[in-house]
Amino acid sequence: MSDRRRSRRREPENDRPNVNPRRVAFDAIRAVTEDNAYANLVLPRMLAETDNTGRDAGLATELTYGTLRSLGTLEAILAAASGRHIRQLQQDLVDALCLGAYQLLYMRIPPHAAVATTVSLVKAAVSPRVSGLANAVLRKVAAKDLDEWTAELATGDRLADLSLRYAHPEWITAEFEAVVGPDELPAALEADNVAPPVHLCAKPGRITKGDLSRETRGGLHGQWSPYAVYLPGGDPGRIRAVATGLAHVQDEGSQLVAVALAEAPLEGRDEAWLDLCAGPGGKTGLLGAIAAGRGAAVDAVEIQPHRAELVAKAAKGLPVTVHTGDGREFGEAGSFDRVLVDAPCSGLGALRRRPEARWRKQRSDIDGLVPLQKELLASGLRLARPGGIVAYVTCSPVIAETEEVVASALKTPGTELVRSQWLADRVPDSARGDFVQLWPHRHGTDAMFLALIRKTA
Ligand SMILES: C[S@@+](CC[C@H](N)C(=O)[O-])C[C@H]1O[C@@H](n2cnc3c(N)ncnc32)[C@H](O)[C@@H]1O
(Lines give C-alpha, C1' and ligand atoms only; values in the text may rest on other atoms or scores of the structure.)
Protein backbone atom coordinates (compact mmCIF):
# COMPACT_ATOMS: atom_id res chain seq x y z
CA MET A 1 0.00 0.00 0.00
CA SER A 2 1.42 3.43 -0.90
CA ASP A 3 2.09 6.01 1.80
CA ARG A 4 -0.59 8.23 0.32
CA ARG A 5 -3.25 5.52 0.51
CA ARG A 6 -2.15 4.54 3.99
CA SER A 7 -2.47 8.06 5.28
CA ARG A 8 -5.87 8.41 3.61
CA ARG A 9 -7.02 5.35 5.56
CA ARG A 10 -5.85 6.91 8.84
CA GLU A 11 -7.67 10.16 8.14
CA PRO A 12 -10.92 9.22 6.45
CA GLU A 13 -12.89 11.75 4.47
CA ASN A 14 -15.73 13.63 6.18
CA ASP A 15 -13.89 13.30 9.52
CA ARG A 16 -15.57 9.96 10.07
CA PRO A 17 -13.45 7.65 12.21
CA ASN A 18 -12.53 4.42 10.47
CA VAL A 19 -12.91 2.20 13.53
CA ASN A 20 -11.56 -1.30 12.99
CA PRO A 21 -14.09 -4.05 12.22
CA ARG A 22 -13.48 -5.95 15.48
CA ARG A 23 -14.30 -2.87 17.51
CA VAL A 24 -17.45 -2.29 15.44
CA ALA A 25 -18.48 -5.92 16.03
CA PHE A 26 -17.80 -5.55 19.77
CA ASP A 27 -19.89 -2.36 19.96
CA ALA A 28 -22.73 -4.03 18.05
CA ILE A 29 -22.63 -7.09 20.34
CA ARG A 30 -22.63 -4.79 23.38
CA ALA A 31 -25.71 -2.99 22.02
CA VAL A 32 -27.47 -6.35 21.68
CA THR A 33 -26.52 -7.81 25.07
CA GLU A 34 -26.75 -4.54 27.02
CA ASP A 35 -29.55 -2.57 25.34
CA ASN A 36 -31.60 -5.37 23.78
CA ALA A 37 -30.86 -3.94 20.32
CA TYR A 38 -31.37 -5.99 17.15
CA ALA A 39 -28.08 -6.72 15.38
CA ASN A 40 -29.57 -6.37 11.90
CA LEU A 41 -30.67 -2.83 12.73
CA VAL A 42 -27.77 -1.62 14.83
CA LEU A 43 -24.87 -3.02 12.80
CA PRO A 44 -25.58 -1.34 9.42
CA ARG A 45 -25.85 2.01 11.22
CA MET A 46 -22.53 1.45 13.03
CA LEU A 47 -20.81 0.39 9.80
CA ALA A 48 -21.98 3.55 8.07
CA GLU A 49 -20.99 5.77 11.00
CA THR A 50 -17.49 4.29 11.14
CA ASP A 51 -16.97 4.28 7.38
CA ASN A 52 -16.45 0.51 7.22
CA THR A 53 -17.23 -0.81 3.75
CA GLY A 54 -16.28 -3.76 1.53
CA ARG A 55 -14.16 -6.44 3.18
CA ASP A 56 -14.02 -4.61 6.52
CA ALA A 57 -17.81 -4.43 6.63
CA GLY A 58 -17.96 -8.13 5.67
CA LEU A 59 -15.60 -9.05 8.51
CA ALA A 60 -17.52 -6.96 11.06
CA THR A 61 -20.78 -8.58 9.91
CA GLU A 62 -19.47 -12.13 10.14
CA LEU A 63 -17.96 -11.42 13.58
CA THR A 64 -21.13 -9.85 14.93
CA TYR A 65 -23.69 -12.28 13.51
CA GLY A 66 -21.56 -15.37 14.04
CA THR A 67 -20.74 -14.49 17.66
CA LEU A 68 -24.38 -13.71 18.47
CA ARG A 69 -25.66 -16.91 16.85
CA SER A 70 -23.20 -19.02 18.82
CA LEU A 71 -23.46 -17.23 22.18
CA GLY A 72 -24.70 -20.20 24.24
CA THR A 73 -21.98 -22.50 22.97
CA LEU A 74 -19.23 -19.88 23.28
CA GLU A 75 -20.25 -19.12 26.85
CA ALA A 76 -20.23 -22.81 27.79
CA ILE A 77 -16.71 -23.21 26.36
CA LEU A 78 -15.50 -19.99 28.02
CA ALA A 79 -16.90 -21.14 31.35
CA ALA A 80 -14.95 -24.40 31.05
CA ALA A 81 -11.79 -22.59 29.93
CA SER A 82 -11.97 -20.00 32.71
CA GLY A 83 -13.03 -22.46 35.40
CA ARG A 84 -15.85 -20.21 36.58
CA HIS A 85 -19.47 -19.54 35.89
CA ILE A 86 -19.74 -17.05 33.05
CA ARG A 87 -22.11 -14.80 35.04
CA GLN A 88 -19.31 -14.19 37.54
CA LEU A 89 -17.49 -12.17 34.86
CA GLN A 90 -18.48 -8.64 33.88
CA GLN A 91 -20.71 -8.61 30.79
CA ASP A 92 -18.45 -6.44 28.60
CA LEU A 93 -15.57 -8.87 29.23
CA VAL A 94 -17.82 -11.83 28.38
CA ASP A 95 -18.83 -10.12 25.12
CA ALA A 96 -15.19 -9.53 24.16
CA LEU A 97 -14.24 -13.11 25.08
CA CYS A 98 -17.12 -14.49 23.00
CA LEU A 99 -15.91 -12.42 20.06
CA GLY A 100 -12.40 -13.80 20.49
CA ALA A 101 -13.58 -17.39 21.00
CA TYR A 102 -15.75 -17.16 17.88
CA GLN A 103 -12.67 -16.27 15.82
CA LEU A 104 -10.74 -19.16 17.36
CA LEU A 105 -13.40 -21.82 16.98
CA TYR A 106 -15.44 -20.87 13.93
CA MET A 107 -13.17 -18.80 11.66
CA ARG A 108 -9.89 -19.39 9.93
CA ILE A 109 -8.18 -16.53 11.74
CA PRO A 110 -4.74 -17.63 13.02
CA PRO A 111 -4.97 -18.19 16.81
CA HIS A 112 -2.20 -15.73 17.71
CA ALA A 113 -4.00 -12.97 15.76
CA ALA A 114 -7.39 -13.79 17.30
CA VAL A 115 -5.93 -13.75 20.82
CA ALA A 116 -3.77 -10.63 20.33
CA THR A 117 -6.52 -8.53 18.75
CA THR A 118 -9.03 -9.55 21.42
CA VAL A 119 -6.61 -8.76 24.25
CA SER A 120 -6.00 -5.31 22.70
CA LEU A 121 -9.74 -4.83 22.44
CA VAL A 122 -10.19 -5.77 26.10
CA LYS A 123 -7.46 -3.29 27.10
CA ALA A 124 -9.05 -0.48 25.11
CA ALA A 125 -12.75 -1.14 25.53
CA VAL A 126 -13.13 -3.08 28.79
CA SER A 127 -10.24 -2.49 31.20
CA PRO A 128 -6.46 -3.06 31.14
CA ARG A 129 -6.92 -4.78 34.51
CA VAL A 130 -8.65 -7.80 32.95
CA SER A 131 -6.50 -8.12 29.82
CA GLY A 132 -4.27 -10.75 31.49
CA LEU A 133 -7.32 -12.84 32.34
CA ALA A 134 -8.60 -12.48 28.76
CA ASN A 135 -5.23 -13.62 27.42
CA ALA A 136 -5.14 -16.67 29.68
CA VAL A 137 -8.72 -17.76 28.94
CA LEU A 138 -8.39 -17.35 25.19
CA ARG A 139 -5.16 -19.33 25.09
CA LYS A 140 -6.98 -22.18 26.80
CA VAL A 141 -9.85 -21.91 24.30
CA ALA A 142 -7.32 -21.97 21.44
CA ALA A 143 -5.84 -25.26 22.64
CA LYS A 144 -8.81 -27.22 21.21
CA ASP A 145 -11.02 -26.91 18.16
CA LEU A 146 -14.80 -26.80 18.25
CA ASP A 147 -15.23 -30.57 17.83
CA GLU A 148 -12.82 -31.25 20.69
CA TRP A 149 -14.55 -28.74 22.96
CA THR A 150 -18.03 -30.07 22.25
CA ALA A 151 -16.78 -33.64 22.78
CA GLU A 152 -15.24 -32.60 26.08
CA LEU A 153 -18.40 -30.84 27.27
CA ALA A 154 -20.77 -33.55 26.02
CA THR A 155 -23.02 -34.97 28.73
CA GLY A 156 -24.38 -37.99 26.87
CA ASP A 157 -27.82 -36.36 26.72
CA ARG A 158 -28.42 -36.38 22.95
CA LEU A 159 -30.53 -33.19 22.73
CA ALA A 160 -28.26 -31.26 25.11
CA ASP A 161 -25.18 -32.30 23.14
CA LEU A 162 -26.74 -31.38 19.78
CA SER A 163 -27.85 -28.04 21.24
CA LEU A 164 -24.27 -27.32 22.30
CA ARG A 165 -22.79 -28.45 18.98
CA TYR A 166 -25.20 -26.41 16.86
CA ALA A 167 -25.69 -23.48 19.25
CA HIS A 168 -29.42 -23.66 19.95
CA PRO A 169 -31.25 -23.52 23.29
CA GLU A 170 -32.30 -27.04 24.20
CA TRP A 171 -36.03 -26.32 24.17
CA ILE A 172 -35.80 -25.15 20.53
CA THR A 173 -33.85 -28.27 19.58
CA ALA A 174 -36.63 -30.36 21.15
CA GLU A 175 -39.35 -28.43 19.28
CA PHE A 176 -37.56 -28.97 15.96
CA GLU A 177 -37.05 -32.66 16.63
CA ALA A 178 -40.75 -33.11 17.36
CA VAL A 179 -41.46 -32.04 13.76
CA VAL A 180 -38.46 -33.09 11.71
CA GLY A 181 -37.41 -36.23 13.61
CA PRO A 182 -33.99 -37.25 14.95
CA ASP A 183 -32.30 -38.09 11.63
CA GLU A 184 -32.75 -34.68 10.04
CA LEU A 185 -32.36 -32.71 13.25
CA PRO A 186 -28.61 -31.91 12.93
CA ALA A 187 -29.11 -30.60 9.38
CA ALA A 188 -32.09 -28.49 10.49
CA LEU A 189 -30.05 -26.95 13.32
CA GLU A 190 -26.97 -26.43 11.18
CA ALA A 191 -28.98 -24.55 8.54
CA ASP A 192 -29.88 -21.90 11.13
CA ASN A 193 -26.19 -21.05 11.43
CA VAL A 194 -25.73 -20.11 7.79
CA ALA A 195 -26.52 -16.55 6.72
CA PRO A 196 -29.25 -16.78 4.07
CA PRO A 197 -29.01 -15.02 0.71
CA VAL A 198 -31.44 -12.17 0.12
CA HIS A 199 -34.48 -13.30 -1.88
CA LEU A 200 -36.35 -10.81 -4.02
CA CYS A 201 -39.92 -11.07 -5.27
CA ALA A 202 -40.65 -9.75 -8.77
CA LYS A 203 -44.20 -8.47 -8.37
CA PRO A 204 -46.28 -10.13 -11.09
CA GLY A 205 -47.55 -7.69 -13.71
CA ARG A 206 -44.92 -5.15 -12.66
CA ILE A 207 -41.59 -6.71 -13.54
CA THR A 208 -40.56 -10.11 -14.88
CA LYS A 209 -38.07 -12.38 -13.14
CA GLY A 210 -35.80 -12.02 -16.16
CA ASP A 211 -35.73 -8.22 -15.99
CA LEU A 212 -35.24 -8.29 -12.21
CA SER A 213 -32.42 -10.79 -12.58
CA ARG A 214 -30.72 -8.49 -15.12
CA GLU A 215 -31.06 -5.52 -12.76
CA THR A 216 -29.36 -7.52 -10.03
CA ARG A 217 -26.54 -8.37 -12.47
CA GLY A 218 -26.94 -12.08 -12.61
CA GLY A 219 -29.29 -12.95 -9.74
CA LEU A 220 -30.43 -16.55 -10.24
CA HIS A 221 -34.10 -17.35 -10.65
CA GLY A 222 -35.58 -18.89 -7.49
CA GLN A 223 -35.92 -22.67 -7.44
CA TRP A 224 -39.54 -22.78 -6.33
CA SER A 225 -41.44 -19.52 -6.42
CA PRO A 226 -42.51 -18.24 -9.85
CA TYR A 227 -41.48 -14.76 -8.70
CA ALA A 228 -38.22 -15.30 -6.78
CA VAL A 229 -34.78 -14.00 -7.73
CA TYR A 230 -31.77 -14.55 -5.47
CA LEU A 231 -29.74 -11.38 -4.97
CA PRO A 232 -26.10 -12.21 -5.75
CA GLY A 233 -24.86 -9.67 -3.16
CA GLY A 234 -24.93 -6.03 -2.18
CA ASP A 235 -27.63 -3.78 -0.80
CA PRO A 236 -31.11 -4.66 -2.15
CA GLY A 237 -32.16 -1.03 -1.62
CA ARG A 238 -29.84 -0.08 -4.47
CA ILE A 239 -31.71 -2.21 -7.00
CA ARG A 240 -33.92 0.21 -8.96
CA ALA A 241 -36.85 -2.22 -9.13
CA VAL A 242 -36.79 -2.56 -5.33
CA ALA A 243 -36.45 1.18 -4.74
CA THR A 244 -39.43 1.85 -7.03
CA GLY A 245 -41.64 -0.92 -5.62
CA LEU A 246 -41.70 -3.20 -8.69
CA ALA A 247 -39.96 -5.84 -6.56
CA HIS A 248 -39.43 -6.34 -2.85
CA VAL A 249 -37.26 -8.31 -0.45
CA GLN A 250 -39.14 -11.47 0.58
CA ASP A 251 -38.03 -14.95 1.55
CA GLU A 252 -38.96 -17.47 -1.15
CA GLY A 253 -40.95 -19.53 1.37
CA SER A 254 -43.07 -16.48 2.25
CA GLN A 255 -43.76 -16.03 -1.46
CA LEU A 256 -44.76 -19.68 -1.85
CA VAL A 257 -47.35 -19.72 0.94
CA ALA A 258 -48.96 -16.51 -0.33
CA VAL A 259 -49.12 -17.84 -3.90
CA ALA A 260 -50.46 -21.18 -2.63
CA LEU A 261 -53.48 -19.29 -1.26
CA ALA A 262 -53.98 -17.46 -4.56
CA GLU A 263 -53.65 -20.75 -6.52
CA ALA A 264 -56.00 -22.84 -4.37
CA PRO A 265 -59.01 -23.97 -6.47
CA LEU A 266 -62.16 -21.99 -5.69
CA GLU A 267 -65.68 -22.26 -7.02
CA GLY A 268 -67.75 -19.14 -7.56
CA ARG A 269 -66.89 -15.55 -6.84
CA ASP A 270 -63.17 -14.73 -6.53
CA GLU A 271 -62.73 -11.02 -6.12
CA ALA A 272 -62.60 -10.16 -2.39
CA TRP A 273 -59.34 -11.17 -0.70
CA LEU A 274 -58.30 -10.47 2.87
CA ASP A 275 -54.89 -10.31 4.57
CA LEU A 276 -55.75 -10.32 8.27
CA CYS A 277 -52.25 -9.83 9.80
CA ALA A 278 -50.60 -7.77 7.12
CA GLY A 279 -47.67 -5.83 8.57
CA PRO A 280 -45.09 -5.07 7.28
CA GLY A 281 -46.76 -6.01 4.00
CA GLY A 282 -44.55 -8.49 2.13
CA LYS A 283 -47.40 -10.91 1.42
CA THR A 284 -49.87 -8.06 0.90
CA GLY A 285 -47.61 -6.70 -1.84
CA LEU A 286 -47.46 -10.05 -3.62
CA LEU A 287 -51.17 -10.87 -3.16
CA GLY A 288 -52.09 -7.34 -4.27
CA ALA A 289 -50.07 -7.75 -7.47
CA ILE A 290 -51.68 -11.15 -8.22
CA ALA A 291 -55.12 -9.74 -7.39
CA ALA A 292 -54.54 -6.84 -9.78
CA GLY A 293 -54.00 -9.31 -12.63
CA ARG A 294 -57.22 -11.18 -11.79
CA GLY A 295 -59.55 -8.26 -11.22
CA ALA A 296 -59.67 -8.93 -7.45
CA ALA A 297 -58.99 -6.56 -4.54
CA VAL A 298 -57.33 -7.07 -1.15
CA ASP A 299 -58.28 -5.71 2.26
CA ALA A 300 -55.25 -5.68 4.55
CA VAL A 301 -55.61 -5.44 8.34
CA GLU A 302 -52.79 -4.62 10.76
CA ILE A 303 -53.12 -3.75 14.42
CA GLN A 304 -49.95 -1.67 14.81
CA PRO A 305 -50.26 1.75 13.17
CA HIS A 306 -46.60 2.04 12.13
CA ARG A 307 -46.73 -1.42 10.55
CA ALA A 308 -49.99 -0.50 8.79
CA GLU A 309 -48.08 2.40 7.22
CA LEU A 310 -45.48 -0.05 5.95
CA VAL A 311 -48.28 -2.16 4.44
CA ALA A 312 -49.64 0.90 2.63
CA LYS A 313 -46.15 1.58 1.27
CA ALA A 314 -45.68 -2.03 0.14
CA ALA A 315 -49.06 -2.02 -1.61
CA LYS A 316 -48.75 1.36 -3.31
CA GLY A 317 -50.45 1.38 -6.71
CA LEU A 318 -52.10 -2.00 -6.09
CA PRO A 319 -55.81 -2.74 -5.42
CA VAL A 320 -55.27 -2.91 -1.67
CA THR A 321 -57.18 -1.11 1.11
CA VAL A 322 -55.26 -0.94 4.38
CA HIS A 323 -57.13 -0.95 7.71
CA THR A 324 -55.46 -0.25 11.04
CA GLY A 325 -57.27 -2.39 13.58
CA ASP A 326 -57.73 -5.71 15.32
CA GLY A 327 -58.22 -8.63 12.94
CA ARG A 328 -60.32 -10.37 15.57
CA GLU A 329 -62.98 -7.67 15.30
CA PHE A 330 -62.72 -6.80 11.62
CA GLY A 331 -65.32 -6.93 8.88
CA GLU A 332 -68.55 -8.67 8.05
CA ALA A 333 -68.90 -12.41 8.41
CA GLY A 334 -68.83 -14.38 5.16
CA SER A 335 -67.62 -11.55 2.96
CA PHE A 336 -64.25 -12.77 1.64
CA ASP A 337 -63.32 -15.38 -0.96
CA ARG A 338 -59.68 -15.89 0.03
CA VAL A 339 -58.28 -15.07 3.47
CA LEU A 340 -54.68 -15.08 4.66
CA VAL A 341 -54.02 -15.41 8.40
CA ASP A 342 -50.25 -14.94 8.67
CA ALA A 343 -50.35 -15.06 12.44
CA PRO A 344 -47.89 -13.45 14.85
CA CYS A 345 -45.68 -16.34 15.95
CA SER A 346 -42.43 -17.25 17.69
CA GLY A 347 -40.49 -16.88 14.41
CA LEU A 348 -38.45 -20.03 15.13
CA GLY A 349 -38.52 -20.79 11.41
CA ALA A 350 -36.47 -17.70 10.62
CA LEU A 351 -33.68 -17.95 13.21
CA ARG A 352 -30.99 -17.79 10.52
CA ARG A 353 -32.09 -14.21 9.76
CA ARG A 354 -31.97 -12.93 13.35
CA PRO A 355 -28.69 -13.90 14.97
CA GLU A 356 -29.54 -13.13 18.59
CA ALA A 357 -33.20 -14.23 18.45
CA ARG A 358 -32.75 -17.84 19.61
CA TRP A 359 -31.22 -16.75 22.94
CA ARG A 360 -33.94 -14.20 23.65
CA LYS A 361 -36.96 -16.37 23.08
CA GLN A 362 -38.51 -18.61 25.69
CA ARG A 363 -40.94 -21.50 25.52
CA SER A 364 -43.44 -19.46 27.54
CA ASP A 365 -43.58 -16.89 24.68
CA ILE A 366 -45.33 -19.55 22.61
CA ASP A 367 -47.91 -20.22 25.30
CA GLY A 368 -48.66 -16.50 25.22
CA LEU A 369 -49.12 -16.46 21.42
CA VAL A 370 -51.31 -19.52 20.91
CA PRO A 371 -54.61 -17.99 22.17
CA LEU A 372 -54.14 -15.01 19.80
CA GLN A 373 -53.31 -17.34 16.90
CA LYS A 374 -56.50 -19.33 17.56
CA GLU A 375 -58.62 -16.19 17.76
CA LEU A 376 -57.18 -14.77 14.55
CA LEU A 377 -57.74 -18.03 12.67
CA ALA A 378 -61.31 -18.23 14.04
CA SER A 379 -61.84 -14.68 12.81
CA GLY A 380 -60.41 -15.56 9.37
CA LEU A 381 -62.86 -18.47 9.14
CA ARG A 382 -65.76 -16.24 10.22
CA LEU A 383 -64.85 -13.71 7.51
CA ALA A 384 -64.57 -16.29 4.70
CA ARG A 385 -67.71 -16.97 2.63
CA PRO A 386 -69.11 -20.49 2.29
CA GLY A 387 -66.81 -22.23 -0.20
CA GLY A 388 -64.07 -19.66 0.52
CA ILE A 389 -60.55 -20.62 1.48
CA VAL A 390 -58.42 -19.62 4.46
CA ALA A 391 -54.62 -19.97 4.61
CA TYR A 392 -53.15 -20.24 8.11
CA VAL A 393 -49.44 -19.40 7.96
CA THR A 394 -46.62 -19.16 10.50
CA CYS A 395 -42.87 -18.72 10.12
CA SER A 396 -42.52 -21.37 12.81
CA PRO A 397 -42.69 -25.15 12.65
CA VAL A 398 -43.58 -25.52 16.35
CA ILE A 399 -46.47 -27.95 16.83
CA ALA A 400 -48.37 -25.82 19.35
CA GLU A 401 -48.45 -22.86 16.93
CA THR A 402 -49.24 -24.87 13.83
CA GLU A 403 -50.97 -28.27 13.92
CA GLU A 404 -52.64 -27.65 17.28
CA VAL A 405 -54.02 -24.24 16.28
CA VAL A 406 -55.40 -25.72 13.06
CA ALA A 407 -56.80 -28.78 14.86
CA SER A 408 -58.70 -26.53 17.22
CA ALA A 409 -60.09 -24.46 14.28
CA LEU A 410 -61.22 -27.60 12.46
CA LYS A 411 -63.57 -28.36 15.36
CA THR A 412 -65.71 -25.52 13.98
CA PRO A 413 -68.53 -27.14 11.99
CA GLY A 414 -68.38 -26.43 8.25
CA THR A 415 -64.58 -26.45 7.88
CA GLU A 416 -62.33 -28.91 6.08
CA LEU A 417 -58.60 -29.17 5.59
CA VAL A 418 -57.42 -29.15 1.97
CA ARG A 419 -53.98 -29.95 0.58
CA SER A 420 -52.09 -27.37 -1.44
CA GLN A 421 -51.69 -29.36 -4.63
CA TRP A 422 -50.01 -26.37 -6.29
CA LEU A 423 -47.27 -26.34 -3.66
CA ALA A 424 -46.93 -30.12 -3.39
CA ASP A 425 -46.41 -30.38 -7.17
CA ARG A 426 -43.84 -27.63 -7.18
CA VAL A 427 -41.77 -28.24 -4.05
CA PRO A 428 -40.55 -31.76 -3.16
CA ASP A 429 -40.57 -32.88 0.49
CA SER A 430 -42.85 -30.01 1.45
CA ALA A 431 -45.75 -32.10 2.77
CA ARG A 432 -46.29 -32.43 6.51
CA GLY A 433 -49.36 -34.64 6.39
CA ASP A 434 -51.95 -32.46 4.68
CA PHE A 435 -50.06 -29.33 5.69
CA VAL A 436 -47.06 -27.67 4.06
CA GLN A 437 -43.79 -27.38 5.94
CA LEU A 438 -40.79 -25.73 4.31
CA TRP A 439 -37.32 -25.92 5.85
CA PRO A 440 -34.03 -24.03 5.40
CA HIS A 441 -32.06 -27.30 5.16
CA ARG A 442 -34.44 -28.87 2.63
CA HIS A 443 -35.56 -25.92 0.54
CA GLY A 444 -33.28 -22.98 1.35
CA THR A 445 -36.34 -21.04 2.57
CA ASP A 446 -37.47 -20.05 6.04
CA ALA A 447 -39.36 -22.81 7.85
CA MET A 448 -42.83 -21.63 6.78
CA PHE A 449 -45.92 -23.60 7.76
CA LEU A 450 -49.15 -23.51 5.74
CA ALA A 451 -52.58 -25.04 6.28
CA LEU A 452 -55.39 -24.43 3.79
CA ILE A 453 -58.88 -24.65 5.25
CA ARG A 454 -62.05 -24.53 3.16
CA LYS A 455 -65.27 -23.26 4.62
CA THR A 456 -67.87 -25.73 3.50
CA ALA A 457 -70.91 -24.13 5.04
C1 LIG B 1 -46.15 -12.62 11.01
S2 LIG B 1 -46.50 -10.95 10.93
C3 LIG B 1 -47.23 -10.79 9.34
C4 LIG B 1 -46.21 -10.69 8.23
C5 LIG B 1 -46.83 -10.16 6.95
N6 LIG B 1 -47.94 -10.97 6.52
C7 LIG B 1 -45.81 -10.07 5.82
O8 LIG B 1 -45.74 -10.99 5.00
O9 LIG B 1 -45.10 -9.07 5.76
C10 LIG B 1 -47.91 -10.78 11.96
C11 LIG B 1 -48.49 -9.38 12.02
O12 LIG B 1 -49.73 -9.45 12.71
C13 LIG B 1 -49.91 -8.27 13.45
N14 LIG B 1 -50.94 -8.51 14.47
C15 LIG B 1 -50.79 -8.98 15.73
N16 LIG B 1 -51.98 -9.06 16.32
C17 LIG B 1 -52.91 -8.66 15.43
C18 LIG B 1 -54.32 -8.51 15.47
N19 LIG B 1 -55.01 -8.81 16.57
N20 LIG B 1 -54.94 -8.05 14.38
C21 LIG B 1 -54.24 -7.73 13.27
N22 LIG B 1 -52.91 -7.83 13.17
C23 LIG B 1 -52.25 -8.30 14.24
C24 LIG B 1 -48.53 -7.98 13.98
O25 LIG B 1 -48.41 -6.64 14.35
C26 LIG B 1 -47.65 -8.36 12.78
O27 LIG B 1 -47.42 -7.23 11.97
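None of the values given here were measured: they were computed from a predicted structure. (Residues numbered from 1 in each chain as written. Predicted model: local features only at pLDDT ≥ 70, side-chain atom pairs only at ≥ 80, totals over all residues.)

S.K.: Looking at this structure, I do not really get the overall build of the chain. What am I missing?
M.R.: On a plain count of helices and strands, the chain comes out with 22 helices and 13 strands. In terms of overall size, the chain behaves like a compact globule, its C-alpha atoms giving a radius of gyration of 24 Å where 457 residues would be expected to give roughly 23 Å. Within the chain, the proportion of its 457 residues that are buried is 47%. Contacts spanning at least 24 positions in sequence make up 71% of the contacts within the chain whose residues lie at least 6 apart. (Helix = DSSP H or I, 4+ residues; strand = E, 2+ residues; numbered from the N terminus. Rg over C-alpha atoms; globule rule 2.2 N^0.38 Å. Buried ≥ 20, exposed ≤ 12 C-beta atoms within 10 Å, placed from the backbone. Contact = placed C-beta atoms within 7 Å.)

S.K.: Explain helix α4 (residues 54-69) here, please?
M.R.: The periodicity of an α-helix, 3.6 residues per turn, causes residues three or four positions apart to be oriented the same way. Between the first and last C-alpha of α4 there are 22 Å, a value that for 16 residues agrees with the 22 Å anticipated at 1.5 Å per step. Turning to α4, its buried residues are Ala 60, Thr 61, Leu 63, Thr 64, Tyr 65, Gly 66, Thr 67, Leu 68 and Arg 69. Packed against the buried residues of α4 are α2 (21-35), α3 (39-49), α5 (71-82) and α6 (91-106). (Expected span 1.5 Å × (residues − 1).)

S.K.: Help me understand the pairing of strand β5 (residues 272-275) in this model?
M.R.: Taken residue by residue, a regular strand's side chains alternate between the two faces of the sheet. Where burial is concerned, the two faces of β5 agree: the one with Ala 272 and Leu 274 and the one with Trp 273 and Asp 275 are both buried. Sheet topology places β5 next to strand β6 (residues 297-302); 4 bridges connect them, and they run parallel. By the bridge assignment, Asp 275 is partnered in β6 with Ala 300. In this sheet, strand β8 (residues 336-342) lies alongside β5 in parallel orientation, the contact comprising 3 bridges. Following the sheet pairing, Asp 275 is matched in β8 by Leu 340. (Pairing = 2+ DSSP bridges.)

S.K.: What's the story with the nonpolar core in this structure? I'm lost.
M.R.: In globular proteins that are soluble, nonpolar side chains generally tend to be buried together. The biggest cluster of nonpolar side chains holds 94 residues, and the ones touching the most others in it are Ala 260, Leu 340, Val 341, Ala 391, Tyr 392 and Leu 450. When neighbours within four sequence positions are excluded, Ala 391 is seen to be in contact with Val 257, Ala 260, Leu 261, Leu 340, Val 341, Leu 450 and Leu 452. The next biggest cluster of nonpolar side chains, apart from the first, holds 42 residues, and it includes Ile 29, Leu 78, Tyr 102 and Leu 121. (Core = buried A, V, L, I, M, F, W, Y, C linked by C-beta atoms within 7 Å.)

S.K.: Explanation requested: the UniProt feature "domain: SAM-dependent MTase RsmB/NOP-type" (unreviewed entry) in the chain in the structure shown.
M.R.: Sites flagged by UniProt as "domain: SAM-dependent MTase RsmB/NOP-type" (unreviewed entry) map to residues 177-456. As annotated, residues 177-456 comprises 35% helix and 22% strand, and the C-alpha atoms at either end are separated by 34 Å. (UniProt positions renumbered as here; feature names shortened; annotations may be inferred.)

S.K.: Mind showing me how you'd approach the sheet that holds strand β4 (residues 247-249) here?
M.R.: Strand pairing in a sheet relies on backbone hydrogen bonds, with the paired strands running either antiparallel or parallel. Strand order in the open sheet made by the 4 strands is β2-β3-β1-β4, with antiparallel pairing throughout. The two strands at the open ends of the sheet, each matched to only one other strand, are β2 (220-221) and β4. Sheet topology places strand β1 (residues 199-202) next to β4; 3 bridges connect them, and they run antiparallel. Following the sheet pairing, Ala 202 is matched in β4 by Ala 247.

S.K.: Hey, could you run me through the domain arrangement of the chain in this one?
M.R.: Accessible area lost when the parts come together is the quantity often used to give the size of an interface. Here the chain is partitioned into domain 1 (3-69), domain 2 (71-153), domain 3 (156-193), domain 4 (199-249) and domain 5 (252-455). On a C-alpha basis, the centroid separation for the pair domain 1 and domain 5 is 37 Å. (Domains from an automatic or database assignment.)

S.K.: Sorry if this is basic, but what is going on with the UniProt feature "binding site: S-adenosyl-L-methionine" (unreviewed entry) in the chain here?
M.R.: Per the UniProt entry, the sites bearing "binding site: S-adenosyl-L-methionine" (unreviewed entry) are Cys 277, Ala 278, Gly 279, Pro 280, Gly 281, Gly 282, Lys 283, Glu 302, Asp 326 and Asp 342 in this numbering. Judged by local crowding, Gly 279 falls into the buried class, with 24 C-beta atoms found within 10 Å. Structurally, Asp 326 is set in the loop between β7 (320-324) and β8. Assessed through the 14 C-beta atoms surrounding it within 10 Å, Asp 326 is described here as partly exposed.

S.K.: When you look at the site of the ligand in this model, what are you seeing that I'm missing?
M.R.: Among the 18 residues in the neighbourhood of the ligand, the closest are listed as Cys 277, Gly 279, Gly 282, Lys 283 and Gly 327. Only α16 (282-294) and β6 provide two or more residues apiece to the shell around the ligand. Its residues placed into classes, the shell around the ligand shows 6 nonpolar, 6 polar and 6 charged. (Near = placed C-beta within 6 Å. Nonpolar A, V, L, I, M, F, W, Y, C, P; charged D, E, K, R; others polar.)

S.K.: Is there a simple way to explain the confidence of the model for the chain in this structure?
M.R.: When pLDDT drops low, the exact placement of atoms in the prediction is not to be read closely. Of all residues in the chain, 96% attain a pLDDT of 70 or more, and the chain-wide mean is 95. Confidence scores differ between elements of the chain, with helix α1 (residues 3-10) showing the lowest mean pLDDT of 36 and β8 the highest of 99. Low confidence marks residues 1-14, where pLDDT is under 50. Its contacts with residues over four positions away, or in another chain, come to 5 contacts. Both confidence scores are given for the complex: pTM 0.95, ipTM 1.00. (pLDDT = per-residue confidence, 0-100.)

S.K.: Hey, could you run me through the environment of Lys 316 in this one?
M.R.: Structurally, the position occupied by Lys 316 is in the loop between α17 (305-314) and β7. According to the C-beta neighbour criterion, Lys 316 is exposed, with 12 such atoms within 10 Å. Taking the C-alpha atoms as reference points, Lys 316 and Thr 67, separated by 249 residues in sequence, lie 38 Å from one another.

S.K.: Please explain unusual backbone geometry as it appears in this structure.
M.R.: If a residue is not glycine, its phi is most likely negative; likewise, a peptide bond is most likely trans. With omega at 5°, the peptide bond leading from Gly 279 into Pro 280 counts as cis. Secondary-structure assignment places Pro 280 in the loop between β5 and α16. Residue Asn 36 is not a glycine yet carries a positive backbone phi of 60°. Turning to its location among the elements, Asn 36 is positioned in the loop between α2 and α3.

S.K.: What is the right way to look at the packing of α4 against α6 in this model?
M.R.: In a pair of packed helices, the angle between the axes and the distance between the axes together describe the arrangement. Running from N to C, α4 and α6 point in directions that differ by 95°, and their axes come no closer than 9 Å. One element, α4, and the other, α6, form an angle in the roughly perpendicular class. Residues Leu 63, Gly 66 and Thr 67 of α4 form the contact with α6, whose participating residues are Cys 98, Leu 99, Tyr 102 and Tyr 106. Classifying every residue of the contact of α4 with α6 gives 5 nonpolar, 2 polar and no charged. (Axes fitted to C-alpha atoms, helices over the stretch in contact; angles between N-to-C directions. Parallel < 35°, antiparallel > 145°, perpendicular 65-115°, else oblique.)

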